[in-house]
Amino acid sequence: MGLLTNRVERSQIKPGDHIYTYRAIFAYSHHGIFVGGCKVVHFTPDRRNDEEFSNQSILLSSCPTFPDCGFKQRKSGVKISCLDCFLKNGSLHVFKYGVSNSVFIAQVRGGTCTTAPSDAPRSVIHRSMYLLQNGYRNYDVFSNNCEDFALYCKTGLLTLDRIGVGKSGQASSVVGALVSSPVQFFMPSFIGVATVTIGMYCMSRYANDIGVRSDVIKVAVEDLAVNLGWVSHEETNFSI
Ligand SMILES: [Zn+2]
């Protein structure tokens, strides 16, 4: 499996797919979740216009096709865009899930696949739309990284160091919640991670792959939001 074999045509992608495109002549890739209807939910740290709409819930769209393209909550990095605006004339690729270890290691370039399996499209779309609706603020849970955001939407998995231990008081409350929850058995590895890898993002892709690491936990998107103080408990009393 080579570098370009993840490339697909628009007709080939399905709602719930993790898609990406290369920007600036392969210098970096931008990732998002295709949610159907020509729309992509993606994370971008661009918050330039937040001051301009302090009393509004949406930004005015500059998209020539969809008036709601570019919608995001105030101070949130999660945005919904049409496929054209997401791709910006770039090529379309699908991120692969559940690949074998040998395929993963054979990748020329990181950020194209993972050994972790994807959840069902319905769950993937729910996570992305929930974070779009409730806002994903300026926290370091995903390291402000569009790929981490898409990986979380696809799998519900977060690595414990990404939860932001030692980075913010709000994020630390997640750890408190985890200690008192059934995931206590993860804590021994968590302590090692906390002391060694905070701030060390650039390890080998394989060692960091969420399908390989032992220090990953499944976090429901509603729990994630509540524990980080994004929404109140009352707001989450609904079922899907
Ligand atoms: Zn658009």
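Residues numbered from 1 in each chain as written. Predicted model: local features only at pLDDT ≥ 70, side-chain atom pairs only at ≥ 80, totals over all residues. Heavy atoms only, no water.

So, on to the coordination of the zinc ion. Around the zinc ion, the protein supplies Cys63 (SG), Cys69 (SG), Cys82 (SG) and Cys85 (SG) as donor atoms, at distances of 2.3 Å. Accessibility expressed as a relative area gives 6% for Cys69, which makes it buried. (Donors = N, O, S within 2.8 Å, 3.2 Å for Na, K, Ca; no water. Buried < 20%, exposed > 50% of the residue type's maximum accessible area, 1.4 Å probe, protein only.)

Our focus in this paragraph is unusual backbone geometry. Where the residue is not glycine, phi is negative for most of them; where a peptide bond is considered, it is trans in most cases. Residues other than glycine seldom take positive phi values, yet Cys38 does so here, at roughly 65°. Along the chain, Cys38 falls in the loop between strand 2 (28-36) and strand 3 (39-43). The class of Cys38 is partly exposed, set by a relative accessible area of 44%. Its identity as a non-glycine residue notwithstanding, Lys88 has a phi of 50°, on the positive side. (Helix = DSSP H or I, 4+ residues; strand = E, 2+ residues; numbered from the N terminus.)

Let us look at the sheet that holds strand 6 (residues 93-94). What the 6 strands build is an open sheet, ordered 4-5-3-2-1-6; its pairing is antiparallel. Looking at the sheet topology across the chains shown, the edges are occupied by strand 4 (71-72) and strand 6. Where strand 1 (residues 18-23) and strand 6 come together, 2 bridges link them in antiparallel fashion. Each residue of the ladder has a partner; that of Tyr20, found in strand 6, is His93. Of the strands in this sheet, strand 1, strand 2, strand 3 and strand 5 (78-82) touch helix 4 (residues 146-155), which is tilted by about 35° from strand 2. (Pairing = 2+ DSSP bridges. Contact = heavy atoms within 4.5 Å. Axes fitted to C-alpha atoms, helices over the stretch in contact; angles between N-to-C directions.)

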